[in-house]
Amino acid sequence: MRTAAAALTALSFLGVAALAGCSGGGPEGGVSQNAPAASRSASPSPSPTPDWNTEPRSIAAVGDSITRGFDACSVLADCPEVSWATGTDDTVRSLAVRLLGPSKAADRSWNHAVSGSRMVQLPEQMKRAAKKRPELVTVMTGANDACRDSVRLMTPVADFRASFEASMRQLRAGAPKAQVYVSSVPDLKRLWSTGRANELGKRIWQLGICQSMLADADDLGPAAVARRDAVQDRVRAYNDVLRDVCAKDRHCRYDGGAVFDFRFTGAQLSPWDWFHPSRDGQARLAEIAYRNVTAAEPPA
């Protein structure tokens, strides 16, 4: 996408106005073991303690350009202050702000996401996040694994799984008790169906954005339909991996597909690339995350 800088700048004179928009998602739990049998007769068993803390006091974020707020504030630039996970923008009210408050969010949250990264880069991000010993780590990645120049170049599901498992091992090596909130990969096919109604958006997509899904946006022929379905199937497979790997870790909570299922509109898309979330889109992601992190039970 960064190779499209000159062309996007040329298009900016069209004065695309920022848009405004909508809502989000739910979490998990478990209980500690009761006192050993030998002590039960001497004293009552302690009350069960949930594994999931709904009020973490520090947050580290890992992932890709969505978590960096790319194209949410200006053309071809990160805007971490509007990040759904750790941003400080008043209109977004990030997960960190909602959990920690505005003053503590600035000191007790860290954004290790990297624009353009794929799942294979996540282990290194997790390693950096673990050094901060956060009480909660947010994960949102996978869109770039499906958004390639062709379907053939998409990350194989087995490789995606291996990298996510390696990421969890890296985190556990440095922060064994950190909670992990995993967001599902967004619905890229809905992105295509929503954005194709905007003529400027389609012209920008032609510059090379997510060609596996967005190329030839008006082509409804069998080959184009099959290509988009293949991308959709891969995204669903990635989300199955995120759910399954997360389920094996007692301190991990998957969003239950809440981000994938969110019925976003053009109001939640960047007015500069019609691909990344706008400020409003970031706010909706923050709402979904907050509901899931603070819920007594995990999403279905």
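Given the structure is predicted, the values throughout are model-derived calculations rather than measurements.

Of all five residues that make up strand β1 (residues 59-63), five are buried, and the element is covered over most of its length. Here β1 shows two buried faces, one formed by Ile59, Ala61 and Gly63 and the other by Ala60 and Val62. Of the strand pairs in this sheet, β1 and strand β2 (residues 109-111) are connected by three bridges, and their pairing is parallel. Within the sheet, the bridge partner assigned to Ala61 lies in β2 and is Asn111. Of the pairings in the sheet, the one linking β1 to strand β3 (residues 136-140) comprises five bridges and is parallel in character. Note on β3: the bridge partner recorded for Ala60 is Val137.

Let us now look at empty space enclosed by the protein. Across all of its chains, the model carries two cavities of 30 Å³ or more by this definition. Of the volumes computed, that of the largest cavity is approximately 250 Å³. If you go around the largest cavity, you meet 18 residues; those closest to its centre are Ile66, Pro186, Phe264, Phe275 and Pro277. Secondary structure elements with two or more residues in the lining of the largest cavity: α9 (188-195) and α14 (279-294). Element by element, the count of residues in the lining of the largest cavity is highest for α14, at three residues. When its residues are assigned to classes, the lining of the largest cavity shows 13 nonpolar, three polar and two charged.

Evaluated as defined, the whole model comprises 14 salt bridges. Among the salt bridges present, the one from Asp78 reaches Arg68, with a minimum N-O distance of 3.5 Å. Of this pair, Asp78 sits in the loop between α3 (65-68) and α4 (95-100) while Arg68 sits in helix α3, and the two are ten residues apart along the sequence. Put simply, Arg161, Asp240, Arg243 and Asp244 are held in one network by salt bridges that share partners.

With that out of the way, let us pick up helix α8 (residues 157-174). In this model, α8 (18 residues) spans 26 Å end to end at C-alpha, consistent with the 26 Å of a helix rising 1.5 Å per residue. All buried positions along α8 are accounted for by Phe160, Ser163, Phe164, Ser167, Met168, Leu171, Arg172 and Gly174. Tucked into the core, α8 has its buried residues touching α6 (122-130), β3, α7 (143-146), β4 (179-182), α12 (222-247) and β5 (252-254).

Scoring rules and cut-offs
- Residues numbered from 1 in each chain as written.
- Predicted model: local features only at pLDDT ≥ 70, side-chain atom pairs only at ≥ 80, totals over all residues.
- Heavy atoms only, no water.
- Buried < 20%, exposed > 50% of the residue type's maximum accessible area, 1.4 Å probe, protein only.
- Helix = DSSP H or I, 4+ residues; strand = E, 2+ residues; numbered from the N terminus.
- Pairing = 2+ DSSP bridges.
- 1 Å grid on protein atoms, 1.4 Å probe; cavity = no way out; pocket = protein on both sides within 12 Å on 5 of 7 lines; lining within 4 Å.
- Points joined across faces, edges and corners; volume = space filled by probe spheres on them.
- Nonpolar A, V, L, I, M, F, W, Y, C, P; charged D, E, K, R; others polar.
- Salt bridge = Lys/Arg side-chain N within 4 Å of Asp/Glu carboxyl O.
- Expected span 1.5 Å × (residues − 1).
- Contact = heavy atoms within 4.5 Å.

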